[in-house]
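# Overview (structure and organization)
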Amino acid sequence: MSDKLIIFDTTLRDGEQSPGVTLNTEEKIEIARQLARLGVDVIEAGFPVASPGDFNAVQRIAREVGPLMDGRAGEGRVNAPVTICGLARCVENDIQTAYDAVKDAPRHRIHVFLATSDIHLEFKLKISREQCKQRIREMVGFAKARCQDIEFSPEDAGRSDPAFLTEALAVAIEAGATTLNIPDTVGYNTPQQYGELIRYLRENTKGADSVVWSTHCHNDLGLATANSLAGVSNGARQVEVAMNGIGERAGNTALEEVVMNVHTHPHAYPVHHTINTRLLFSTSRMVADLSGMSVQANKAIVGRNAFLHESGIHQDGVLKNKQTYEIIRPEDVGVTTGNLALGKHSGRHAFKTKLEELGYGGSALSDAQFQQAFAKFKSLADSKKAGVTDGDMHALVADVRSAALSGSSETPTPAPAAARTTSTDMPEDAHEQPEPKSQRFALRHMQVFTGVGITPTATVTLHDAQAGRDVTDVALAQNGPIEAVYSAIQRITGLQIELLNFSVSATSEGQDTLGKVAVRVAHAGTAAQSQEAGKAEGALTAYGAEPKFTGLSTNVDIITASANAYLAALNRLVAHDSSQTRASQQERSVNI
């Protein structure tokens with residue numbers, strides 16, 4: 001039988017280092033739960049020493065997600081709780097803090113790293129090779145005294161002297177490391193080079209047979225997946241990956257690409273996986289929605305075009321036999337082709353069955369979230385002639401999750417508004433569930449006048465939970481009704497907000513389709529300040545140097561969706577400012 005391939009997911013650590021991505025604690029826990037349901041073996045939850053907020057996020061994931069077995073038991077599954085891992089430099093305080101953060105998980109790991117390339121040793125660490133080995137011996141030993149599962153990574157291994165690398169790794173094994181991870185930190189290697197490096201290290205490192213060898217590849221040259229698979233072919237039995245391939249610079253190896261390569265070629269690679277591939281698409285959507293990192297349409301496995309055929313020749317072949325042009329069945333990755341159509345007469349059972357079909361079964365949604373999603377579904381179904389599509393369902397789930405995680409309390413989905421006028425009212429008793437404690441601003445009323453030859457005007461009423469009252473203001477705009485709405489919201493909140501990204505898309509076809517709006521915001525002046533700082537240091541400006549906040553909302557009225565998405569992002573920004581417990585992205589970013 002083939003060996004088990006360990007899927008080490010670093011979406012919440014390396015993935016969060018993507019420029020512009022800022023996840024709060026609740027969002028990280030939500031993603032961690034989904035990753036555990038997906039069946040990953042290890043979740044690298046963060047870099048605990050970076051700040052109290054980062055420590056708290058990792059600790060809560062260890063306590064709340066570490067023991068979960070939802071979706072992990074049964075034939076073809078991992079049949080064990082997920083291992084929660086914390087990252088640490090070769091520094092005693094880092095290691096102790098990482099252990100304190102993950103120790104409450106039934107299965108926990110400390111991931112220690114130290115650079116081994118000559119360029120890093122000379123210019124960054126300013127230590128000799130012998131000092132490097134001594135630090136590895138001391139710090140891996142320090143970690144081993146606290147935790148049995150220790151992973152060691154020689155940073156920039158791809159550019160390190162292979163002979164010295166074997167010496168350093170032998171020291172790590174002797175000190176107690178159980179997994180050796182070989183990072184191509186800057187995405188420099190080719191598949192042949194990286195595969196040969198793994199083979200060389202396994203054949204020439206003392207004690208190599210007693211540890212698990214791991215890959216960690218970056219996508220700077222577009223070779224992350226190919227390099228990781230080359231590593232597997234040459235003896236690696238763990239791959240470090242991120243959902244959708246998000247991560248520093250050009251990103252990490254994409255989890256879905258490695259898994260489906262192994263899944264599609266069971267005899268080409270000497271390994272098997274225990275991932276529930278039917279959850280790949282829903283997991284991809286969650287990570288994209290919460291991180292604000294949209295998935296490109298032609299992305300392998302999870303892009304919206306991955307299973308579409310426009311060529312007449314291809315369409316003809318697929319209609320006759322899907323295998324003519326489809327090497328993966330769409331349903332195997334959670335892209336449904338079922339015949340269960342939902343409409344205004346559908347009940348809770350049909351709604352729940354469709355959610356399960358789309359990958360949102362089990363504990364994916366809380367009872368309260370399910371009820372909110374069902375209420376939104378019924379409202380949408382009443383307004384749509386063609387029925388509710390799978391795209392609509394994915395958007396409804398994303399909307400409910402975004403509202404819960406940002407603390408925003410959104411208005412029900414209304415029927416399409418009259419031409420040129422949008423009005424939305426939310427009565428005091430519109431929601432049976434109490435408003436989240438983290439909420440600061442919620443939309444109570446909005447009226448917009450616009451048209452050709454008319455100056456757009458927006459009247460907006462927000463409920464300010466901190467002040468305990470409703471506040472109304474009016475704004476004019478030169479560039480359309482959404483600008484007027486956003487200006488009115490800024491006037492009410494007193495916040496100067498910079499809109500960095502705004503996108504609107506349809507979740508299905510037809511004039512009555514659901515509109516999905518995603519925004520990304522920051523404090524006004526953030527981009528300019530980052531550029532000035534970059535110029536002062538003579539460096540390229542890092543888009544992710546300051547925190548950015550995403551918001552998502554869906555509605556048949558895109559102006560209402562735009563307002564709620566803006567408020568969702570704004571509430572995240574306010575909550576971040578009030579806590580001030582997380583380190584900046586620059587402080588918590590580490591290269592491996």
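Above this text you will find the structure in question.
A short tour of the structure in this document, coming up. Keep in mind it's a predicted model, so treat the numbers as computed, not measured. (Residues numbered from 1 in each chain as written. Predicted model: local features only at pLDDT ≥ 70, side-chain atom pairs only at ≥ 80, totals over all residues. Heavy atoms only, no water.)

### Digging into the overall build of the protein chain
- Per the secondary structure count, the protein chain includes 18 helices and 17 strands.
- In the protein chain, buried positions account for 56% of the 592 residues.
- For the protein chain, the proportion of contacts with a sequence separation of at least 24, taken over those separated by at least 6, is 70%. (Helix = DSSP H or I, 4+ residues; strand = E, 2+ residues; numbered from the N terminus. Buried < 20%, exposed > 50% of the residue type's maximum accessible area, 1.4 Å probe, protein only. Contact = heavy atoms within 4.5 Å.)

### Examining the nonpolar core
- I7, L38, V40, I84 and L255 are the most contacted members of the largest nonpolar core, which has 49 residues in total.
- Listing elements by their share of this core, those giving two or more residues are α1 (25–38), β3 (42–46), α2 (52–64), α3 (92–102), α8 (224–233), β9 (238–241), α9 (255–264) and α10 (280–291).
- No other element matches the six residues that α1 contributes to this core. (Core = buried A, V, L, I, M, F, W, Y, C linked by side-chain atoms within 4.5 Å.)

### Observations concerning the sheet that holds strand β6 (residues 150–155)
- Sheet architecture is closed into a barrel: eight strands sit in the order β2-β3-β4-β5-β6-β7-β8-β9, paired in parallel fashion. Along the sheet, successive strands turn relative to each other by an average axial angle of 25°, direction set aside. (Pairing = 2+ DSSP bridges. Axes fitted to C-alpha atoms, helices over the stretch in contact; angles between N-to-C directions.)

### With respect to the pattern of salt bridges
- Across all of its chains, the model carries 36 salt bridges by this definition.
- Where E257 meets K299, a salt bridge forms, and the shortest distance between an N and an O atom there is 2.7 Å. Of this pair, E257 sits in helix α9 while K299 sits in the loop between α10 and α11 (312–320); the two residues are 42 residues apart in sequence, bridging distant segments of the chain. By the burial criterion, E257 is buried, and K299 matches it.
- Across the pair D399 and K376 runs a salt bridge, and its minimum N-O distance is 3.6 Å. (Salt bridge = Lys/Arg side-chain N within 4 Å of Asp/Glu carboxyl O.)

### So, the sheet that holds strand β16 (residues 515–523)
- As summarised here, the arrangement of the three strands in space is β15-β16-β17, forming an open sheet in which the pairing is antiparallel. Taken across any chain shown, the strands that pair with only one partner, and hence form the sheet edges, are β15 (497–506) and β17 (549–555). The sheet shows a mean angle of 15° between the axes of neighbouring strands, taken without regard to direction.
- As paired elements, β16 and β17 share seven bridges and run antiparallel to each other.

### Re unusual backbone geometry
- In this structure, N79 is a non-glycine residue whose phi angle is positive, near 55°.
- Note that N79 resides in the loop between α2 and β4 (83–89).
- Residue N79 is classed as partly exposed on the basis of its relative accessible area of 45%.
- Unusually for a residue other than glycine, N244 sits at a positive phi of about 65°.

### Description of empty space enclosed by the protein
- Tallied over the entire structure, the rule returns three cavities of 30 Å³ or more.
- A volume near 70 Å³ is recorded for the largest cavity.
- Taken together, S282, R285, M286, D289, L290, Y360, H394, V397, A398 and R401 make up the full set of residues lining the largest cavity.
- Of all the secondary structure elements, the ones that give two or more residues to the lining of the largest cavity are α10 and α14 (390–406).
- With five residues, α10 is the largest single contributor of residues to the lining of the largest cavity. (1 Å grid on protein atoms, 1.4 Å probe; cavity = no way out; pocket = protein on both sides within 12 Å on 5 of 7 lines; lining within 4 Å. Points joined across faces, edges and corners; volume = space filled by probe spheres on them.)

### Section: the packing of α1 against α2
- Look at α1 against α2: their axes get within 10 Å of each other, and the N-to-C directions meet at 35°. Regarding α1 and α2, the two cross each other, and that crossing is right-handed. Touching T25, E26, K28, I29, A32 and R33 of α1 are G53, N56, A57, R60, I61 and E64, all from α2.
- Grouping the constituent residues of the contact of α1 with α2 by class yields four nonpolar, three polar and five charged. (Left-handed = near helix turned anticlockwise from the far one by under 90°. Nonpolar A, V, L, I, M, F, W, Y, C, P; charged D, E, K, R; others polar.)

### Side note on the layout of surface pockets
- In this structure, the largest pocket spans a volume of roughly 1,400 Å³.
- Forming the walls of the largest pocket are 47 residues, and the residues nearest its centre are F281, R285, R304, A506 and K516.
- Secondary-structure elements contributing two or more residues to the lining of the largest pocket are α10, α14, β15, β16 and β17.
- The element that contributes the greatest number of residues to the lining of the largest pocket is β15, accounting for six residues.
- Classifying every residue of the lining of the largest pocket gives 20 nonpolar, 19 polar and eight charged.

### Digging into the packing of α8 against α9
- Contact geometry for α8 and α9: axes closest at 10 Å, N-to-C directions at 50°. It follows from the interaxial angle that α8 and α9 lie oblique. Where α8 crosses over α9, the two elements pack in a sense that is right-handed. Together, T225, S228 and L229 of α8 and E257, V258, N261 and V262 of α9 make up the contact between the two elements. (Parallel < 35°, antiparallel > 145°, perpendicular 65-115°, else oblique.)

### Focus on the state of the cysteines
- Using the criterion set out here, one finds zero disulfides in the structure.
- Free of any disulfide, C90 has its nearest cysteine sulfur in C132, 8.0 Å distant.
- By relative accessible area, C90 is classed as buried at 7%.
- According to the relative accessible area criterion, C132 is buried, its value standing at 0%. (Disulfide = S-S within 2.5 Å.)

### Digging into the packing of aromatic side chains
- Enumeration over the complete set of coordinates arrives at five aromatic pairs.
- Both rings, one in F374 and one in F377, keep their centres 6.0 Å apart while their planes meet at 40°; by these two values the pair is tilted. Of this pair, F374 and F377 both sit in helix α13 (residues 367–383), three residues apart, which is roughly one turn of the helix.
- Exposure remark for F374: the relative accessible area of 8% places this residue in the buried category.
- Accessibility expressed as a relative area gives 0% for F377, which makes it buried.
- For the pair Y486 and Y566, a centre-to-centre distance of 3.8 Å together with 10° between the ring planes defines the contact as stacked. On the criterion of sequence distance, the pair formed by Y486 in helix α15 (residues 481–493) and Y566 in helix α17 (residues 558–579) is long-range, its members being 80 residues apart.
- Assessed through its relative accessible area of 6%, Y486 is described here as buried.
- Ring pairing ties together the aromatic residues F351, F370, F374 and F377, which thus form one cluster. (Phe/Tyr/Trp six-rings, centres within 6.5 Å; stacked < 30°, edge-to-face > 60°.)

### Quick look at helix α12 (residues 348–357)
- Those residues of α12 that sit buried are F351, K354 and L355. Down the axis of α12, the smallest arc covering the buried residues is 100°, so these residues share one side.
- G359, located one to two residues past α12, shows a positive phi value of around 100°. (Arc of directions from axis to C-beta.)

### With respect to the environment of D100
- Among the secondary structure elements, D100 is positioned in helix α3.
- Placed 41 residues apart in sequence, D100 and Q59 show a C-alpha to C-alpha distance of 7.8 Å.
- Among residues more than four places away in sequence, those in contact with D100 are F55 and Q59.

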